[in-house]
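Structural features, examined
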Protein chains: 2
Amino acid sequence: MSKTIEFQGVAPRASLGDMVHQQIVEALVSGQFSGGEELNEVSLASQFHVSRTPVREALRRLASEGLVINQRNRQTTVVEMSRRDVIETYEVRRILEASAARLAVEQVEPRQLADLRTLAAAAIPPASSDWGQGERRFDEELHRVIADSCGNRKLQQEIQRYKNLVRFVRSRVARSTQRLAQGHAEHLRILDALERRNGAQAEAEMSAHIASALQCVLEDLPLLGRTP
Amino acid sequence: MSKTIEFQGVAPRASLGDMVHQQIVEALVSGQFSGGEELNEVSLASQFHVSRTPVREALRRLASEGLVINQRNRQTTVVEMSRRDVIETYEVRRILEASAARLAVEQVEPRQLADLRTLAAAAIPPASSDWGQGERRFDEELHRVIADSCGNRKLQQEIQRYKNLVRFVRSRVARSTQRLAQGHAEHLRILDALERRNGAQAEAEMSAHIASALQCVLEDLPLLGRTP
DNA sequence: CGCTTGTGTACTGTATACACTTTGAGGCAG
DNA sequence: CTGCCTCAAAGTGTATACAGTACACAAGCG
């Protein structure tokens, strides 16, 4: 294994541990490690040009976030998600984000909804060749706005925690154009419900959306796990 | 500050960091620290007769669990929960445990329900002088069985994470006998729903139960935060 | 031939030393 | 008296040394 990860633009006042953590998260959620792969503290330390201390800190934090497994006196390994793990992860995400959507109808600003509409308009398939890019942007923003405007910072935090796990899973499966289009339609339904300030509907649409995303992921699932 | 915390019965193969973590959690959720209190790495290390390394590990973990606040180059402080924080925490807990209750009706074993009935019978107020003790036991077991039998280990994990936060809050308010009796009634309604395998009802009863618990906590709330 | 047992190696766990940051007290000028 | 500067003290951040453990592999034994 001779992967090279270098520091990119990082916050100036972050500790080395934070920076290492952020870098490894990026590597994990962009699919640069395969499930079960071992993360050696010493080699990570030399890759980042820091000592083992910040690396250990980052690895413990990653373990608490569920991205790696940390057993005493064993090398830290990248988590291997079984089919069941993926289902469970998406189920928790569904519970959290559906609740957030229900709560968000109370607090979301008209301005934010208008901005989302603009993003949505730039992502109408197959209006342009890069509507897929726009849809990913719309996707990202819609989920972010809902989490941010649910009015519950703890809930927002939990959703954020799960986002990395979901990105980790998603980096291991291909998102088809067809799925993107389906997702776009679902996102529009969620946005509609928000605009109507209909909490129950927003909750139901978000719930259906995440269930549907899970189905698509499951179709590709054999790709998950250790790839020797 | 001359608190003395010593190791109690601990798992033999746990690391020092794990043991320190466990000890501090116990101290926190049993109200031995007031909100905003500073946790000094050096003095904790000497109290536990270990070096700063395991202590730092424990403190970082506690921070990720929301029990302490960890700012760069600042002393770690015990979290101060505002009224809003308490509400938000209970709201997330409500979302998680209500969903778990809904799922648990599918998986919970008749045997477990029977055991819960037995516990419930030993906690009928005001049947005996120590029914309160029995009710606390029933409470603990009911919530544990539901989390364990929801069939989703990730969800169970999240509930576990929140349990410590809730215990932290609860250690700062008095649980009246009246509240215990009310809780007993609510617990019975949840158990009924489980026995009837009625998921929607179990979810609703659990949701109402946690909302009601929040109300009681809020009444005592001025006690929270720094106590000089 | 297989099982056990020693032993080396490559890690992680812990302690400790040192560097850097923050903070507050005290002195000095205005 | 007040505001600012300096500097020491106390704490955390990081590097590093050493201790302990698990695993692989080979030698010895049945």
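Residues numbered from 1 in each chain as written. Chains lettered and ligands numbered in written order. Predicted model: local features only at pLDDT ≥ 70, side-chain atom pairs only at ≥ 80, totals over all residues. Heavy atoms only, no water.

Next up on the list: the relation of the copies chain A and chain B. Mapping chain A onto chain B leaves a residual RMSD of 0.0 Å; the transformation is a rotation of 180° accompanied by 0.0 Å of translation along its axis. The operation mapping one copy onto its partner corresponds to a two-fold rotation axis. A share of 100% of interface residues in chain A that are also interface residues in chain B marks the association as one of identical surfaces. (Least-squares fit on C-alpha atoms with pLDDT ≥ 70 in both. Contact = heavy atoms within 4.5 Å.)

Residue and element names in this part refer to chain A. By the assigned domains, chain A splits into domain 1 (16-78) and domain 2 (83-223). The distance between the C-alpha centroids of domain 1 and domain 2 comes to 28 Å. Taken together, the contact pairs 14 residues of domain 1 with 7 residues of domain 2. For the domain 1 and domain 2 pair, buried surface summed over both sides reaches about 780 Å², with 53% attributable to carbon and sulfur atoms. Ranking the residues of domain 1 by area buried against domain 2 places V29, E65 and L67 at the top, with a combined share of 52%. Counting the contacts that link domain 1 with domain 2 gives 1 salt bridge. Among the ionic pairs, R167 bridges to E26, the shortest N-O distance being 3.4 Å. At the junction of domain 1 with domain 2, the criterion picks out 4 residue pairs in polar contact (both at pLDDT 80 or more). Looking at which element gives the most residues to the side of domain 1 that touches domain 2, the answer is helix α1 (residues 16-29), with 4 residues. Residues of the side of domain 1 that touches domain 2, tallied by class, amount to 6 nonpolar, 6 polar and 2 charged. (Domains from an automatic or database assignment. Buried area = accessible area lost by both parts, 1.4 Å probe. Salt bridge = Lys/Arg side-chain N within 4 Å of Asp/Glu carboxyl O. Polar contact = N/O pair within 3.5 Å; in protein donor to acceptor, adjacent residues only side chain to side chain. Helix = DSSP H or I, 4+ residues; strand = E, 2+ residues; numbered from the N terminus. Nonpolar A, V, L, I, M, F, W, Y, C, P; charged D, E, K, R; others polar.)

Either a parallel or an antiparallel arrangement is found when strands of a sheet pair, and the pairing is made through backbone hydrogen bonds. All names here are of chain B. An order of β1-β3-β2 is seen for the 3 strands of this open sheet, with the pairing classed as antiparallel. Each edge of the open sheet is held by one strand with a lone partner, namely β1 (38-39) and β2 (68-69). Bridge count for β2 against strand β3 (residues 76-78) is 2 bridges, and the pairing is antiparallel. Counterpart to V68 in the pairing with β3 is V78. (Pairing = 2+ DSSP bridges.)

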